[in-house]
Amino acid sequence: MVRAAATPALAAPVPLHFVARRPAGALPALGDAMRRHGRLIRGVQWAIVLVYAVLVVLPAFLPLPDDAARILDHLGLFAQFLFWGIWWPFVLLSMVLLGRVWCGVFCPEGALSEAVSRHGRGRGIPRWMRWGGWPAVAFVITTIYGQLVSVYQYPQAALLVLGGSTVAAVLVGAWVGRGKRVWCRHLCPVGGVFGLLARLAPLHFQVDRARWEARTGGITRLPNCAPLIDIRRMESASACHMCGRCSGQRDAVTLIARVPGSEIVRHGANTASGWDTALLLFGLIGVAMGAFHWGASPGFVALRVALADWAVERGWWWLLADNAPWWLLTHYPQNQDVFVWLDGVLIVAYILATGLAVGAALYGLCLAAARALGRPGAQHHLALAYVPLGGCGAFLGLSMTTVTMLRHEGLAVPWVDGTRALLLAGAALWGLWLAWHSSAVHSQSRTRRALATGLIAIGSGLVVAGWSALFFWW
Ligand code: SF4
C-alpha cells in the first residue's frame, strides 16, 4: 500500500488502496483509551479543581509564615511550593515533553470554563476576542503585574492573579461558546506560551487527511473539541489540548510519536505568525528575562539609588511614599517588604525595556537571517528556533523558587549550576538544529543556510549570556 501523493481536495472518497493504514501500537491505543475514558478524565479535572480552589483561596486568609515555618507544617508555604515550585515550572516542562496534555486533562481553569460554558449564554465569539495579539498582551501584563505584587511570595497576590484569571475564564465561559474553551483558545495569559512549547513535543494527535477523506470507517460522530480546532485540517499541536476526544475519528486521528521539534521544521513556514514571534522574542524571552533579572541586577539597584537621590533633591517625596495598596504594589510591612512608587515605576520600566531590547535584537537577527536565505518573510519561521531557549529560560527562572524553598527546608540541592548550564547549552543547540533544518525549507544553498544559522546563533548567545548573568555572575 502507498500513501496518496497529495491531499485530495475531492468530495468523493479516495480509493482505499491509496490510503496508508492507521498506525497501531501503544500510543494510538492510549489515545483511543483517552477517548473512551472521557468521564474518568473529567473526574480527574474536578478533583484538581477542588484541590486548586482550596490551595489558592485558604492560604490567603492565614497569617504569613515566619522564618521557622516549613513547607509541610504551613498551608501557605505548602501552596506556594506547589504552585510556584512545582506546578508552573513543571507544567512548562510538560508542554515540551507531552504537548498540552496539562490543558486537556488537568487544567482546572479550562475545565471550569468549559463546564460553565455548557450552561452559559452560548453567544458567538466577538471579533475583538479573536484578535491574535491577546496571548502576547495578556502574558506581558500578567508577568509584570505578578512582579509588582510579588505573586511568587505572597498568597494574597497569588489569589488575586490565579483566582482573577480563573474568574475571568468562568465569566468568558458563561458568556460565549457552548461547551467550549473560548478562554483557553483566545485569552489565556499562558495559552500562547503553551502553544509555542507544544510544537516541540515528541507526541501529538496526527491527522491523516487522506484517510479522513477516504471515509474508511472509524468514529464519524464529531467530538466536542473544546478549543475549537478544525480537526480535519490540524497540522500543528500548538492549539490541541491533547484531550483525546477525537482519537480514532474517521480512523484518521492517531496519537503518535514524532521527532521533537520536527513540527517547527516541517510546518513552521505555514503556521508561524507575527504574533507568535512577538510573544516568543519580546514576551517569553525578553519580558520574562526582565522579570527574573530586576531583583538581582546590580544595574537596577544602582539606578534605583540614583533616582531616589534625584527625587529627594527635587522634593518629589511622593515617589518614595509606601502608601500603595498591596494589590497594586507589594505591601507587607510585617515582613519588611514594601515597595514605594519609585519601585513600581522602575520595575515596569526595567521589564519593558529588557523585553524591547532583547526582542528587538533577536527579531533583527531573524530578519537578517531571512535575508541571508533570500526569503524575506521567513523570519517568523526562523524565530521559532528560539522556542527551546524561551522555554528553558522560563523553566529555569521559575525553578529558582523551587531551589530557594528547598534550601530553606535545609535540603541540599546539588548540581544546580551544572544542570542550569547543561539545560541552557542543550536548548541553544536544539535551537541551532531547528534553524539549520528550517532554513532548508527556504534555500538549498548550504552557504546561505550556514549564514542564517550563524545569525540565529548570535541571538542564542545573547539569550544564554542574559540568563548566565542571573545564574552565574550576579
Ligand atoms: S484536536 Fe481537539 S478534540 Fe482532538 S485531541 Fe486536540 S483538543 Fe482534543
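The name an unreviewed UniProt entry assigns to the protein chain is Ferredoxin, from the organism Hydrogenophaga taeniospiralis CCUG 15921.

**Points about the pattern of salt bridges**
Any two side chains of opposite charge can pair if their charged atoms end up close together. Summed over all chains, the structure comprises 13 salt bridges. A salt bridge links aspartate 32 to arginine 22, with the nearest nitrogen and oxygen atoms 3.0 Å apart. Of this pair, aspartate 32 sits in helix α1 (residues 26–36) while arginine 22 sits in the segment before α1, and the two are 10 residues apart along the sequence. Accessibility assignment for this pair places aspartate 32 and arginine 22 in one class, buried.

**Examining the packing of helix α9 (residues 191–198) against helix α12 (residues 274–293)**
Following both chains from N to C, one finds α9 and α12 inclined at 105 degrees, their axes separated by 10 Å at the closest point. If you check the angle between α9 and α12, you find them roughly perpendicular. Across from Gly192, Val193 and Leu196 in α9, the residues of α12 making contact are Asp276, Leu279, Leu280 and Leu284. In terms of residue class, the contact of α9 with α12 is made up of five nonpolar, one polar and one charged.

**Points about empty space enclosed by the protein**
For the coordinates displayed, the defined rule picks out two cavities of 30 Å³ or more. The calculated volume of the largest cavity comes to roughly 100 Å³. Taken together, the residues of the lining of the largest cavity sort by class into 11 nonpolar, two polar and one charged. Classifying every residue of the lining of the second largest cavity gives three nonpolar, two polar and three charged.

**Overview of the site of the ligand**
Around the ligand, the neighbouring residues are Phe205, Cys225, Pro227, Ile231, Met234, Cys240, His241, Met242, Cys243, Gly244 and Cys246. By residue class, the composition of the shell around the ligand is nine nonpolar, two polar and no charged.

**Considering the layout of surface pockets**
Approximately 1,000 Å³ is the volume attributed to the largest pocket. Around the largest pocket, the lining comprises 42 residues; the ones closest to its centre are Gln80, Tyr152, Gln153, Thr401 and Thr404. Elements supplying a minimum of two residues to the lining of the largest pocket: α2 (38–57), α3 (75–98), α6 (134–148), α7 (155–175), α12 and α16 (387–408). Here the residues of the lining of the largest pocket sort into 24 nonpolar, 15 polar and three charged. Both domains that furnish three or more residues to the lining of the largest pocket are identified here as domain 1 (30–197) and domain 2 (280–473).

**Focus on the domain arrangement of the protein chain**
What the domain assignment lists for the protein chain is domain 1 (30–197) and domain 2 (280–473). Inter-centroid distance (C-alpha atoms) of domain 1 to domain 2 is 23 Å. Counting from both sides, the interface comprises 33 residues of domain 1 and, opposite them, 36 residues of domain 2. Regarding the contact of domain 1 and domain 2, the summed buried area is about 3,000 Å², with carbon and sulfur atoms giving 74% of it. Seen at the junction of domain 1 and domain 2, the total is zero salt bridges. On the surface where domain 1 and domain 2 come into contact, there are nine residue pairs in polar contact (both at pLDDT 80 or more). At the level of secondary structure, the elements contributing two or more residues to the side of domain 1 that touches domain 2 comprise α3, α6, α7 and α9.

**With respect to the pairing of strand β1 (residues 203–207)**
Looking along a regular strand, one sees side chains alternate from face to face of the sheet. Counting buried positions over the five residues of β1 gives four, a clear majority of the element. Pairing between β1 and strand β2 (residues 253–257): five bridges, direction antiparallel. Following the sheet pairing, valine 207 is matched in β2 by valine 253.

**Topic: the environment of leucine 64**
Within the secondary structure layout, leucine 64 lies in the loop between α2 and α3. Here the alpha-carbon distance between leucine 64 and tyrosine 154, two residues 90 residues apart in the chain, equals 8.0 Å. In this view, leucine 64 contacts His74, Tyr154, Pro155, Gln156, Tyr332, Gln334 and Asn335; residues no more than four positions away in its chain are not counted.

**Regarding the packing of helix α14 (residues 341–372) against helix α18 (residues 446–473)**
The geometry of α14 relative to α18 is characterised by a closest axis approach of 8 Å and an angle of 175 degrees between their N-to-C directions. The orientation of α14 relative to α18 falls into the category roughly antiparallel. Together, Ala361, Leu362, Leu365, Cys366, Ala368, Ala369, Arg371 and Ala372 of α14 and Arg448, Leu451, Ala452, Leu455, Ile456, Ile458, Gly459, Leu462 and Val463 of α18 make up the contact between the two elements. Tallied by class, the residues present in the contact of α14 with α18 amount to 14 nonpolar, one polar and two charged.

**Notes on the nonpolar core**
Grouped together as the largest cluster of nonpolar side chains are 86 residues, with contacts concentrated most on Phe83 and Phe194. A per-element tally of this core places α3 first, with nine residues. Each of domain 1 (30–197) and domain 2 (280–473) gives at least three residues to this core. Setting aside its immediate chain neighbours within four residues, phenylalanine 194 contacts Trp88, Val91, Leu92, Met95, Arg100, Trp102 and Cys103.

**Focus on the state of the cysteines**
Taken as a whole and assessed by the stated rule, the structure comprises zero disulfides. For the unlinked cysteine cysteine 107, the closest cysteine sulfur is that of cysteine 103, found at 6.1 Å.

**Some thoughts on α2**
With 20 residues, α2 extends 28 Å between its outermost C-alpha atoms, agreeing within 8% with the 28 Å of an ideal straight helix rising 1.5 Å per residue. Residues of α2 that are buried include every one of Gly38, Ile41, Gln45, Val49, Tyr52, Leu55 and Val56, and no others. One side of α2 holds all its buried residues, which, seen down the axis, span an arc of 145 degrees. Pointing more than 90 degrees away from the buried face of α2 are the exposed residues Arg39, Leu40 and Leu50. Here the buried face of α2 lies against α1, α3, α4 (101–106), α5 (108–118) and α7.

Calculation notes
- Residues numbered from 1 in each chain as written.
- Predicted model: local features only at pLDDT ≥ 70, side-chain atom pairs only at ≥ 80, totals over all residues.
- Heavy atoms only, no water.
- Salt bridge = Lys/Arg side-chain N within 4 Å of Asp/Glu carboxyl O.
- Helix = DSSP H or I, 4+ residues; strand = E, 2+ residues; numbered from the N terminus.
- Buried < 20%, exposed > 50% of the residue type's maximum accessible area, 1.4 Å probe, protein only.
- Axes fitted to C-alpha atoms, helices over the stretch in contact; angles between N-to-C directions.
- Parallel < 35°, antiparallel > 145°, perpendicular 65-115°, else oblique.
- Contact = heavy atoms within 4.5 Å.
- Nonpolar A, V, L, I, M, F, W, Y, C, P; charged D, E, K, R; others polar.
- 1 Å grid on protein atoms, 1.4 Å probe; cavity = no way out; pocket = protein on both sides within 12 Å on 5 of 7 lines; lining within 4 Å.
- Points joined across faces, edges and corners; volume = space filled by probe spheres on them.
- Near = heavy atom within 4 Å.
- Domains from an automatic or database assignment.
- Buried area = accessible area lost by both parts, 1.4 Å probe.
- Polar contact = N/O pair within 3.5 Å; in protein donor to acceptor, adjacent residues only side chain to side chain.
- Pairing = 2+ DSSP bridges.
- Core = buried A, V, L, I, M, F, W, Y, C linked by side-chain atoms within 4.5 Å.
- Disulfide = S-S within 2.5 Å.
- Expected span 1.5 Å × (residues − 1).
- Arc of directions from axis to C-beta.

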